[in-house]
Amino acid sequence: MENEPKGVELLSEMLHKIDVLTGTVVNLTGRVDNHTDRVDNLTGRGDNLNVTVDLRLGKVESEIIKLNVISAENSRALLKMGDYNDGIIRLERAVFKS
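Criteria and thresholds
Residues numbered from 1 in each chain as written. Predicted model: local features only at pLDDT ≥ 70, side-chain atom pairs only at ≥ 80, totals over all residues. Heavy atoms only, no water. Helix = DSSP H or I, 4+ residues; strand = E, 2+ residues; numbered from the N terminus. Buried < 20%, exposed > 50% of the residue type's maximum accessible area, 1.4 Å probe, protein only. Areas by Shrake-Rupley, 256 points an atom, 1.4 Å probe, with all protein chains shown as cover. Salt bridge = Lys/Arg side-chain N within 4 Å of Asp/Glu carboxyl O.

If you had to explain the overall build of the chain to someone new, which residues and values would you point to?
Secondary structure summary: the chain contains two helices and zero strands in total. Within the span of the chain, comprising 98 residues, buried residues form 1% of the whole. Accessible area of the chain: about 9,200 Å², with a carbon and sulfur share of 61%.

Give me the pattern of salt bridges: which residues, what numbers.
The tally for this structure, following the rule as stated, stands at one salt bridge. In this structure, Lys-66 engages Glu-63 in a salt bridge whose closest nitrogen and oxygen atoms are separated by 3.4 Å. You can see Lys-66 and its partner Glu-63 sitting in helix α1 (residues 4-82), three residues apart, about one turn around the helix. A residue is classified by how much of its surface remains accessible, and Lys-66, at 47% relative accessible area, is partly exposed. Judged by its relative accessible area of 42%, Glu-63 falls in the partly exposed class.

Below you can see the structure in the form of structure tokens.
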């Protein structure tokens with residue numbers, strides 16, 4: 001019975017330390033959740049950037065297609081002009097003059 005107050009005191013200290021450790025664990029869990037949210041946010045931003053890049057690439061591809069069409073039309077026009085010797089000579093003069 002003589003050790004009973006000391007045992008109660010030790011138990012009290014142990015419970016207090018457990019409460020402190022529990023608080024620390026809860027705090028760390030909250031920080032981990034916060035970091036997880038930040039990573040999720042960054043992932044979302046990365047996904048948005050991927051969509052933006054995909055849209056811009058689509059626009060660039062569209063412009064390349066337009067340039068290919070224009071180039072084909074120009075080539076066809078040059079071939080048509082090639083049917084006329086006079087047209088080729090005029091074209092050569094215009095090109096080499098500038």
